[in-house]
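Fold and contact review
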Amino acid sequence: MDFNKFTEKAKEALALAQQILSRYQHTQLDLEHLLLALLEQPEGVTGQLLDTIGIDRGRVQRSVETLLARA
């Protein structure tokens, strides 16, 4: 995969997903790691989108964190 074609925000999200993977001491990167990374980006589009459509991003984030803690 050519990561050089990714936007800076996408590269940041992947790097953060790797950190989350380590934080939970997991060995396989899953969609939940990437979703949490997108939610944790301070100025990321994902959180803004959830806010726009009226979904509590904190609640989504806590749900994903719970899923990862159980994995």
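Below you will find a few notes about this structure. Just so we're clear, the structure is a prediction, and the values are computed from it rather than from any experiment.

Okay, the pattern of salt bridges next. Summed over all chains, the structure comprises four salt bridges. Residue Glu8 pairs with Lys11 through a salt bridge whose shortest N-O separation is 3.6 Å. Of this pair, Glu8 and Lys11 both sit in helix 1 (residues 8-23), three residues apart, roughly one helical turn. The closest approach of N and O atoms between Arg23 and Glu40, which form a salt bridge, is 3.2 Å. With Arg23 in helix 1 and Glu40 in helix 2 (residues 31-40), this pair connects stretches of sequence that are 17 residues apart. Accessibility expressed as a relative area gives 24% for Glu40, which makes it partly exposed.

Right, let's get into the packing of helix 1 against helix 2. Where helix 1 contacts helix 2, the two axes come as close as 8 Å, and the packing angle between them is 115°. Crossing geometry of helix 1 relative to helix 2 is assigned as right-handed. On the side of helix 1, the interface is formed by Ala13, Leu14, Leu16, Ala17, Ile20, Leu21 and Arg23, while helix 2 contributes His33, Leu34, Leu36, Ala37, Leu38 and Glu40. By residue class, the composition of the contact of helix 1 with helix 2 is 10 nonpolar, one polar and two charged.

Examined against the element boundaries, Ala17 turns out to sit in helix 1. According to the relative accessible area criterion, Ala17 is buried, its value standing at 0%. C-alpha of Ala17 to C-alpha of His33: the two residues are 16 residues apart in sequence and 5.2 Å apart in space. For Ala17, the residues in contact, after removing those within four places along its chain, are Leu29, His33, Leu34 and Ala37.

With that settled, the discussion passes to unusual backbone geometry. Excluding glycine, residues mostly have negative phi values, and the peptide bonds linking residues are mostly trans. Positive phi outside glycine occurs at Gln25, with the angle close to 55°. Looking at the element boundaries, Gln25 is found in the loop between helix 1 and helix 2.

Okay, the side chain of His33 next. Tracing the sequence through the fold places His33 in helix 2. Reaching out from His33, the side chain makes a polar contact with the side chain of His26 at a distance of 2.8 Å. A distance of 2.9 Å separates the side chain of His33 from the backbone nitrogen of Asp30, its partner in a polar contact. Apart from the residues within four sequence positions on either side, His33 is in contact with Ala17, Ile20, Leu21, His26, Gln28 and Leu68.

How each quantity is defined
- Within each chain, residue numbers correspond to sequence positions counted from 1 in written order.
- A pLDDT threshold of at least 70 governs which residues receive local features in this predicted model, and a stricter bar of 80 or more applies before side-chain atom pairs are shown or counted, although totals over entire chains, interfaces and linings include all residues.
- Values shown for side chains rest on all heavy atoms present in the structure; no hydrogens or waters enter the calculation.
- Any Lys or Arg side-chain nitrogen located within 4 Å of an Asp or Glu carboxyl oxygen qualifies as a salt bridge.
- Each helix is a run of H or I in the DSSP string that is no shorter than four residues. Each strand is a run of E no shorter than two, and both are numbered from the N terminus.
- Between buried and exposed lies partly exposed: a residue is buried under 20% and exposed over 50% of the maximum accessible area for its type, with that area taken using a 1.4 Å probe on protein chains only.
- Fitted lines through C-alpha atoms give the axes, limited to the stretch in contact for helices. The angle between two N-to-C directions lies from 0 to 180 degrees.
- Should the near helix be turned anticlockwise from the far one by less than a right angle, the crossing is termed left-handed; should it be turned clockwise, right-handed.
- We call two residues in contact when some of their heavy atoms are within 4.5 Å.
- Three classes are used: nonpolar for Ala, Val, Leu, Ile, Met, Phe, Trp, Tyr, Cys and Pro, charged for Asp, Glu, Lys and Arg, and polar for all others, with Gly counted as polar.
- Polar contact is defined as a pair of N or O atoms within 3.5 Å, subject to the rule that within protein one atom must be able to donate a hydrogen and the other to accept it, and that residues adjacent in sequence are counted only when both atoms are side-chain atoms.

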